[in-house]
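# Structure at a glance
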Amino acid sequence: MRETSIQDLLPLVQMPSRYLGSEINRIKKPWEKTQVHVALAFPDLYEIATSHFGIQILYGMLNAREEILAERVFAPAVDMEAQLRKNKLPLCSLESETPLKNFDILGFSLLYELNYTNMVNMLDLSGIAFFAEERGKKDPFVIGGGPCTCNPEPVADFFDAIVVGDGEAVILQMTDAWNVWRQSDSGKREDLLQRWSQIKGVYIPSFFDLSVDSRGTQRLIPKKTSHQGVERAVVSDLNAEPIPSQPIIPFGKPVHDRLRMEIARGCTRGCRFCQAGMIYRPVRERQPEAVLTSVSQLLKESGYEDLSLLSLSTGDYSCIAPLMKKIMDVGAKDRVAVSLPSLRAGTLTPELMELIRQVRKTGFTIAPEAGSQRLRDVINKNITEADIVETVENAFSLGWKLIKLYFMVGLPTETQADIAAIVALVKRLKAIGKKQGRSEKINVSVATFIPKPHTPFQWEPQISLETALEKINWLKDNLKLPGVQVKWQDPRVSVIEGVWARGDRRLNKVLINAWRSGCRFDGWTDFFNYDRWITVFEASGINPTQFTDGRSDLDRPLPWDHINIGVDRSFLIEEKARAAVGKITSDCRTGSCSGCGVCDFESLKPVSFHDHKEIFSTERPLPEPPSSETGIKYQVNFKKMRSSRFLGHLEMVKIFIRSMRREGIPLKYSEGFHPMAKVSFGDTLPMGMQSEDERMLVTLTEPIDSGELILRLRRQMPDGLEITGCAPYVKKKSLERIDSQRYRVELKDGFFRQKDLDWFFGQQSVTIERKSKKGKQVVVDFKKAVSDIKLLDDHHVFMTLGTDNDLMVRPGHVLKTVFKLSDLQILTAIITKRKTNHG
C-alpha cells in the first residue's frame, strides 16, 4: 500500500495552493549536490509569510551560493495541521517536501510575539525537541532572527542561536562556520555554538546562567568571558547588499500582493514609542539610480501590477519625488501603480499625490498617534495639527475619498483631554471634505500602546485592560459620525503581546503550556482566546502584570540589557526625561546629531542621497494617450493538470496575466483609475478538478504570431499549466458554454459498483435539488442531464454530463447520488474534464 504524502492531503484542506511549493521563481536544488541545507521558517500562514521581504532576501542570498540549499516552510493552517497529525506526517519544506528534521539549520523569522505558539507547533510537527538543551547530534540547529530578538528571553531556551540585527550581515558567516564544523572531527554541538558566538550579532542563550535577586528580577550571568553579550549586526551600506533579482511570485492572495522594493532602512524621526525607529538606526538609503534599475528589472521578472516602496518613513527618502517620477515613467505603459505604505503628515505632498493618482489612487494611512499637540510632543512625533490638516486637504482636493488615521491610547502622561482631542481632530478633518461638497470617508484605527524594549518608554507601565477598554469605548461612542468608521485592536491582544514583548525566561515553559492548551495563531481574531491565556498564566504560576507594570527604578536590570542594539542607555533615559516635560528632539537627518550612540561616523553613519535630486530632475516625456483601438484578440488553449488543479480560478487568472507581463506581451487594458487587463476565461473549474482543454480569450494592442505566443507563455507556466494551442480569435470560436462535457474519474478511496450503475439506468428519473443562478431551489433530473456513464473498472469511470433546467450537472453530483460515495471519497477522487471538440 502506497504511503500517504502531502499531495494526498491537498484535496482535504482549504487553500491547498499554500502547500504546492511550485511558484514562479522558487529555487529547487538537488539535495545530494549541496553541502549545507537550510530551512527558512515563518511561523504564520502562507499569505503572511510570502509577504515578508526579509525571507526573500535571505532565500536569494543563500541559494546564490552553490554549496547551500535553502527552502521555505510556513505554519500550516489548522486544517492542514489536523491532517498531518491524523496521517502521522511530519512538517516538510515547500520546495522538495523534505521533513524539517532532515535540515542542518532551521531558521525562524520572529516578527510578532503572538506567533510564538505557531513556532512551538512547527517544532512539534517536525519531531524536533522544543528546547536547545534536549537536541542531539542528528537534530538541526534552530536559530531565530527578526525584530522580536531585541528581547529574545521569553523564547531563548528554544534556540541554539539567535541573530540580533540585520540577517544579511550574519547568515553566510553562520553557514560557513557550520561547514567548517561539519568537516572537523569534533561533532560536538557546543563547538559550533562557540564558533557562532564569535560572530557579531549572534547570541548563544545556553552560554548564560540565570540568577534571581530578592525582588524577583532575573539576571543573566555569562558562562564564558568571550560571550558577555551580543552587539547588533548592522549592514552599514544597503547598496553593497544584493536585492532579490527574481522574487518568488506567491499563489493565493498574499497580504502584500505586489513588488516590494526597500529604498531605505532605519529612521531618524526619534518617536519615543517606536521600537523600529530605535533598533534599525541609522538611516541607510539605497542609491536612487540603483533603486530605479532594480525596479525596472524586477517589474519585468515578476509581472506585478503594483509596486510598494518600503521604508519606515518612505516620504523621508531624500529623492522620493524625482525617484517616483522616474518609476512612474518606467511603469506607465504597463499600468504599474506605486504605493508608499509608510508616510507622515507633511511628507505626502501634492506633487507625490499627483504622481500616484496617474495610475490608481492607492490608499494611505496618516498616523497622528495622539490627538493633542501636547501629547504628540511628549512622544516626539514631530508633526503639527497644521501638517495633518494640510495633508488631508491635499488628498481630498486631488480626489481621494478615504483617509485612514491611526491613533494609540495609553501613551505616557495621557489624560482624558488628550483622548477628547482625537475626536476633535477627526471632526475637523471630516469637515474638510464636507466643505468641499464631497462624501469623503475617514477610517479611524485605535490600538493600545505597548512600551517596547530599547525605547525611551521601556520603563513605563502598560495601561490595564480595564483602562484600555474604557478609553476605546469612549472613542467609539464619541466618533459615531456620518462617514467615520472606527476600528480598534482588541486590547486583550495588547495585554498578551505586552507580556511577551517585555518578559524573561520564566515564560519559556509558559509557552509550552499555552501551546498544549490549544493556543495557535494568536494574532488572528478568529483564534485568539484571552481567557485561555489567563488560565495558562495562572496554571504556570505567573502573574502577567509583573512584566507590564513598568520599572520606576531605572537602575534595575531589564531582561534585554545584554542585547546591545547600539542606542546608549543614557540616551534613552535622557529622552524619557525630555518626554516628561514635552520637549522635542529634532530629526538628526536634517538637524544636529542627537547623540544616540549608534554611529561611529567611520564604519557606521547615516547614508542619504540629497545631492542626487538633480540627477532625476529632467523633463518627463508626455504620457501616451489612452488607446481607443479595440485591440487584437487571441484564443489560447491550455491544460490544467496535476498540482495546478489546486489553483483557484482567480489564482489562475492572476498567473496568466503576470506571465504575459513578464514576457512583455502587449496586453490591452481597460480605462479608468483601476485599469484591468482584458482577459476572460471559459467555464470556471471547481477547485481540485483537472482539465485537458481550457480556453482563455486575451486582447493585445498589437499582433503576435500564434506560435510565438505559445512559446512565450509556456516559458512562464508553473507545474501543471500547459499551453496547447493559440489562434486569432474568430467569432464562431466564442467562449459560450457547451451543452455537454465528458469526464474521467479516478477513485483514491472506495470502489465503483456495477449494481449502482444498473440501479441508475433502471430508474425513470433520479432527481436532486440545486440552487439556480438566481438563488431559487430547482429540481434537476439526472436522467435528462446524464448522457452516458461507462464503468472501466473498480476505480475508474467515464461520464458525459449535460444540463437540466439550465443547470450543468457536475461529476460530484453523480458520484454522490448514483454511486453513493461520501464527501471525503469525492474530495480525494481525481476528476479530469476531457477535451471537447468545440470547433
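Anyway, here's the lowdown on the structure attached to this text.

What counts, and at which threshold
Residues numbered from 1 in each chain as written. Predicted model: local features only at pLDDT ≥ 70, side-chain atom pairs only at ≥ 80, totals over all residues. Heavy atoms only, no water. Helix = DSSP H or I, 4+ residues; strand = E, 2+ residues; numbered from the N terminus. Axes fitted to C-alpha atoms, helices over the stretch in contact; angles between N-to-C directions. Parallel < 35°, antiparallel > 145°, perpendicular 65-115°, else oblique. Left-handed = near helix turned anticlockwise from the far one by under 90°. Contact = heavy atoms within 4.5 Å. Nonpolar A, V, L, I, M, F, W, Y, C, P; charged D, E, K, R; others polar. Pairing = 2+ DSSP bridges. Expected span 1.5 Å × (residues − 1). Buried < 20%, exposed > 50% of the residue type's maximum accessible area, 1.4 Å probe, protein only. Phe/Tyr/Trp six-rings, centres within 6.5 Å; stacked < 30°, edge-to-face > 60°. Salt bridge = Lys/Arg side-chain N within 4 Å of Asp/Glu carboxyl O.

Let us look at unusual backbone geometry. Along the chain, Arg-281 connects to Pro-282 via a cis peptide bond; the corresponding omega equals -5°. Its location among the elements puts Pro-282 in the loop between helix H8 (275-279) and strand S12 (284-285). A positive phi angle is found at Met-15, which is not glycine, with a value near 50°. As for its position among the elements, Met-15 is in the loop between helix H1 (6-9) and strand S1 (36-42). In this model, Asn-25 sits at a positive phi of 80°, which is unusual for a non-glycine residue. The residue Asn-25 is located in the loop between H1 and S1 in this model.

Attention now moves to the packing of helix H4 (residues 78-86) against helix H5 (residues 116-126). Two numbers describe how H4 lies on H5: the axes approach to 11 Å, and their chain directions differ by 25°. Compared by their axis directions, H4 and H5 come out roughly parallel. Along this stretch, H4 crosses H5, giving a crossing that reads as left-handed. Contacts between H4 and H5 involve Glu-81, Leu-84 and Arg-85 on the former and, on the latter, Asn-121, Asp-124 and Leu-125. Class assignment of the residues belonging to the contact of H4 with H5 gives a composition of 2 nonpolar, 1 polar and 3 charged.

Another aspect to go through is the sheet that holds strand S15 (residues 365-369). Strand order across the open sheet formed by 4 strands is S15-S16-S17-S18, with parallel pairing between neighbours. Bordering the open sheet on either side are S15 and strand S18 (484-488), each of which pairs with just one other strand. Each adjacent strand pair in this sheet contributes to an overall mean axis angle of 25°, direction not counted. Note: strand S16 (residues 402-409) against strand S17 (residues 441-448), 8 bridges, orientation parallel. Across the sheet, Leu-405 pairs through a bridge with Val-444, a residue of S17.

Moving on to the side chain of Asn-443. Take Asn-443: it is sitting in strand S17. With residues near it in sequence (within four places) discarded, Asn-443 still touches Leu-402, Ile-403, Lys-404, Leu-405, Gln-485 and Lys-487.

Side chains that are three or four residues apart share a direction in an α-helix, a result of its 3.6 residues per turn. The end-to-end C-alpha distance of helix H13 (residues 385-397) is 18 Å, a good match for the 18 Å that 13 residues give at a rise of 1.5 Å each. All buried positions along H13 are accounted for by Ile-388, Val-389, Thr-391, Val-392, Asn-394, Ala-395 and Phe-396. Looking one or two places after H13, you find Gly-399, whose phi comes out positive at around 110°.

Take the packing of aromatic side chains next. Applying the stated criterion to the full structure yields 19 aromatic pairs. Ring centres of Trp-500 and Trp-533 lie 5.9 Å apart, and the angle between their planes is 70°; on these two criteria the pair is classed as edge-to-face. Taken as a pair, Trp-500 in helix H16 (residues 491-502) and Trp-533 in helix H18 (residues 530-539) lie far apart in primary sequence, 33 residues in all. For Trp-500, a relative accessible area of 1% translates into the label buried. Ring pairing ties together the aromatic residues Tyr-116, Trp-500, Trp-533 and Phe-537, which thus form one cluster.

Let us now look at the pattern of salt bridges. Per the counting criterion, the structure on display carries 49 salt bridges. Residue Glu-67 is joined to Arg-65 by a salt bridge in which the shortest nitrogen-to-oxygen separation is 3.0 Å. The class of Arg-65 is partly exposed, set by a relative accessible area of 24%. Residues joined by salt bridges that share partners form a network here, namely Asp-166, Glu-168, Glu-262, Arg-265, Arg-284 and Arg-286.

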